[in-house]
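# Observations on chain architecture
Listed here are the chains, written in short residue letters.
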Amino acid sequence: MTTQMEDTLTAMQVLLSARVPIVLWGDPGTGKTATIQQFSNEAGWHMETVMASVNEPTDIGGLPVRSPDGVILEPPLWAKRVAACGKEALVFFDEVNTAAPATQNALMHVVLTGHVGQFSLGKQVRFIAAANPPERNAGAWDLSAPLANRFAHLRWPVDFDTWRDGYLRGWPTIAPLDVEPPSDRRRSYQRALQTAFLARRQGWLCKVPDDDTAASAGWPSPRTWEWTAECFAIADHAGASQSVFALIAEALLGAAAATEYMAYIRDLDLPDPEALLADPDSLVLPSRDDQKFACLDAVAVAVISNCTAKRWKAAFTVCIRAAERGSPDIAAAAARTLVAGRPSGARLPEGWEVFEDLLAATPFEDVP
């Protein structure tokens, strides 16, 4: 198996671990369905395949029926099997972009909420879809922008070496990735990086595509930024390569935003938050304001996720040093986060007066 395929499968597993719905884009007959079925078998998950292209909206979203309480949406059999399986479940919507627009609209609610009408599929459910590029299928539609934003978009790689090895020697077993829910520290750190980047490039917070073709790919929105932080935290814990991070970013944010964000992360060169907590006086602020934001936010996040009175005082001292060294407004943002999470018994360090206006509204006994 080539590195490109390995990275794609790793990115797929990270996204599934974060319960982010996925659509795999690739030519017909290239093994998407077989690979997903094999992975589901190896992971021990229940799998349901729903051919979106031949189903009506009621086959996805439920059939309206009368009941003593009024009209309800009776869930289809596949949904009942998922809810009753008693283990992790994967719902695979095949040929999703050849489904009629009304069926795609029904899909939109299911993949985002995990419900078919009022019927819950359970917390254990995950969604993955497969689609052929519209230029390969005359009956295909581009996904609407709202539906596209509910999926991560992975390109399915096809290369001769992977095909030859599998064809001649047998297809390799897909070992499930060892992933766990990310710690609050990892998750908060990724969010701090994002807010620093978006403070500099606010246009990337929400950029709806202005043409139908772009709408069939990932695009940045508050939802996909949050998913990106969650997936990056999981990938970081799993020790994934930088190419996997790049695939995840592009799948969720689109190529343009992902390329810029990944370059931003590579160029940050931030000091270790734990080193600053051990010696706040060693702080040397970066030159750019966005780097300063990221540096101080990372310190605040490191403390809030593992907060003791000693660590809190050290972090507040870092903010004081930043204010003293010419960045009071930037330091105040991190200090505000620390004030909101101040643990019982934590005392303000010397020099706290630089944030006197910020602390004036707090009920701390050590603020005159």
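So, here is what we can say about the structure in this document. In every chain, residue numbers begin from 1 and rise along the written sequence. Only residues with pLDDT of at least 70 are given local features in this predicted model, and only at 80 or more are side-chain atom pairs given and counted; all residues enter the totals for whole chains, interfaces and linings. Side-chain numbers come from the whole structure's heavy atoms, not from hydrogens or water.

Turning next to the overall build of the chain. Scanning the chain for helices and strands turns up 17 helices and 9 strands. Its C-alpha atoms give the chain principal-axis dimensions of about 70 × 60 × 40 Å. For this analysis, residues touch if any pair of their heavy atoms sits within 4.5 Å. Taking all contacts inside the chain whose residues are at least 6 apart in sequence as the whole, residues at least 24 apart take part in 76%. Surface accessibility in these figures is a Shrake-Rupley result with a 1.4 Å probe; residues are shielded only by whichever protein chains are displayed. Split by element, the accessible area of the chain, about 17400 Å² in all, is 51% carbon and sulfur. Note on charges: Lys and Arg go in the positive column, Asp and Glu in the negative column, and His and the chain ends are not counted at all. Every charge is mapped onto a representative atom, which is NZ of Lys, CZ of Arg, CG of Asp or CD of Glu. Across the chain, the mean location of the 32 positive side-chain charges is 3 Å away from that of the 45 negative side-chain charges. Starting at the N terminus, helices and strands are each numbered in turn, a helix being any DSSP run of H or I of at least four residues and a strand any DSSP run of E of at least two.

Another aspect to go through is the side chain of D290. Residue placement: D290 occurs in helix α14 (residues 289–304). Pairing of N or O atoms within 3.5 Å defines a polar contact, subject to two protein rules: one partner must be a possible hydrogen donor and the other a possible acceptor, and residues neighboring in sequence count only if both atoms are side-chain atoms. Within the structure, the side chain of D290 is placed 2.9 Å from the side chain of R288, a separation counted as a polar contact. Once residues within four sequence positions are removed from consideration, D290 is found in contact with A196, R200 and Y264.

For this analysis, a ring pair means two rings from Phe, Tyr or Trp (six-membered ring only for Trp) whose centres lie within 6.5 Å, classed as stacked if their planes differ by under 30 degrees, edge-to-face if by over 60, and tilted for the remaining angles. Overall, the coordinates contain 11 aromatic pairs when judged by the stated rule. Aromatic side chains F197 and W225 sit 5.9 Å apart centroid to centroid with 50° between the ring planes, which places their arrangement in the tilted category. One end of the pair, F197, is in helix α8 (residues 184–200); the other, W225, is in helix α10 (residues 222–238), and 28 residues separate them in sequence. There is no split in this pair, since F197 and W225 are both buried. A simple rule labels every residue: compare its accessible area, found with a 1.4 Å probe on the protein chains alone, to the largest value its type can have, and call it buried under 20%, exposed over 50%, or partly exposed in between.

On to the packing of helix α11 (residues 242–253) against helix α12 (residues 255–268), then. The geometry of α11 relative to α12 is characterised by a closest axis approach of 7 Å and an angle of 140° between their N-to-C directions. Considered as vectors, α11 and α12 are oriented oblique to each other. You can see that α11 and α12 cross each other, and the crossing is right-handed. Mapping the contact onto sequence places Q242, F245, A246, A249, E250 and L253 in α11 and A255, A257, A258 and M262 in α12. Orientation is described by lines fitted to C-alpha atoms, with helices fitted over the stretch in contact, and by angles between N-to-C directions that extend from 0 to 180 degrees. What sets the label is the angle itself: under 35 degrees gives roughly parallel, over 145 gives roughly antiparallel, 65 to 115 gives roughly perpendicular, and the rest give oblique. We call a crossing left-handed when the near helix sits turned anticlockwise from the far one by less than a right angle, and right-handed when that turn is clockwise.

So, on to helix α15 (residues 309–324). Given the number of residues in a helix, its expected span is that number minus one, multiplied by 1.5 Å. Compared with an ideal rise of 1.5 Å per residue, which puts 16 residues at 22 Å, α15 spans 22 Å between its outermost C-alpha atoms and is within 8% of the ideal. Of all the 16 residues making up α15, 12 are buried; the element is thus mostly covered by neighbouring parts of the structure. Within α15, burial applies to R311, W312, A314, A315, F316, T317, V318, C319, I320, R321, A322 and A323. Buried residues along α15 sit in contact with α13 (273–278), α14, α16 (328–340) and α17 (356–359). Just downstream of α15 lies G326, where phi reads positive at about 105°.

Turning to the pattern of salt bridges, a few remarks are in order. For salt bridges, the criterion is a side-chain nitrogen of Lys or Arg within 4 Å of an Asp or Glu carboxyl oxygen. Taken as a whole and judged by the stated rule, the model has 16 salt bridges. Among the ionic pairs, D161 bridges to R164, the shortest N-O distance being 3.4 Å. Separated by 3 residues within a single helix, D161 and R164 lie in helix α7 (residues 160–169), roughly one turn from each other. For the salt bridge of D290 with R200, the shortest nitrogen-to-oxygen distance reads 3.8 Å.

Within the secondary structure, D7 is located in helix α1 (residues 3–17). Look at D7: it is buried, it has no salt bridge, and the nearest opposite charge is R266 at 13 Å. Other than its neighbours up to four places away in sequence, D7 contacts S241, S243, V244 and L247.

So, about unusual backbone geometry. Most peptide bonds take the trans configuration, and most residues that are not glycine carry a negative phi. Phi is positive for R19, close to 60°, though the residue is something other than glycine. Relative to the elements of secondary structure, R19 occurs in the loop between α1 and β1 (22–25). Judged by relative accessible area, R19 falls into the partly exposed class, the value being 37%. The backbone of E95 shows a phi angle near 50°, a positive value even though the residue is not glycine. Among the secondary structure elements, E95 is positioned in the loop between β5 (89–94) and α5 (101–113).

Summarising the element assignment, L285 is placed in the loop between α13 and α14. Considered as a pair, L285 and P271 are 14 residues apart in the sequence and their alpha carbons are 9.0 Å apart. In contact with L285, other than residues within four places in its own chain, are K292, A322, R325 and S327.

On to the pairing of strand β8 (residues 125–131), then. Counting buried residues along β8, 7 of its 7 residues qualify, which places the element largely inside the surrounding structure. Covered by surrounding structure in β8 are V125, F127, A129 and A131 together with R126, I128 and A130, the residues of both alternating faces. As paired elements, β1 and β8 share 4 bridges and run parallel to each other. Note that in β8 the partner of V23 across the bridge is A129. Here, any two strands with at least 2 DSSP bridges between them count as paired.

Turning to α12, a few remarks are in order. Relative to the 20 Å expected for 14 residues at 1.5 Å per residue, α12 spans 20 Å between its end C-alpha atoms, a close match to the ideal helical length. Of all the residues in α12, the buried ones are A257, A258, Y261, M262, Y264 and L268. The arc enclosing the buried residues of α12, seen along the axis, measures out at 155°, which places them on a common side. Counted as exposed and oriented over 90 degrees from the buried face of α12: T259, R266 and D267. Buried residues along α12 sit in contact with α8, α10, α11 and α14. By arc we mean the arc of the directions from the helix axis to the C-beta atoms, nothing more.

The analysis is restricted to geometry; functional conclusions fall outside its scope.
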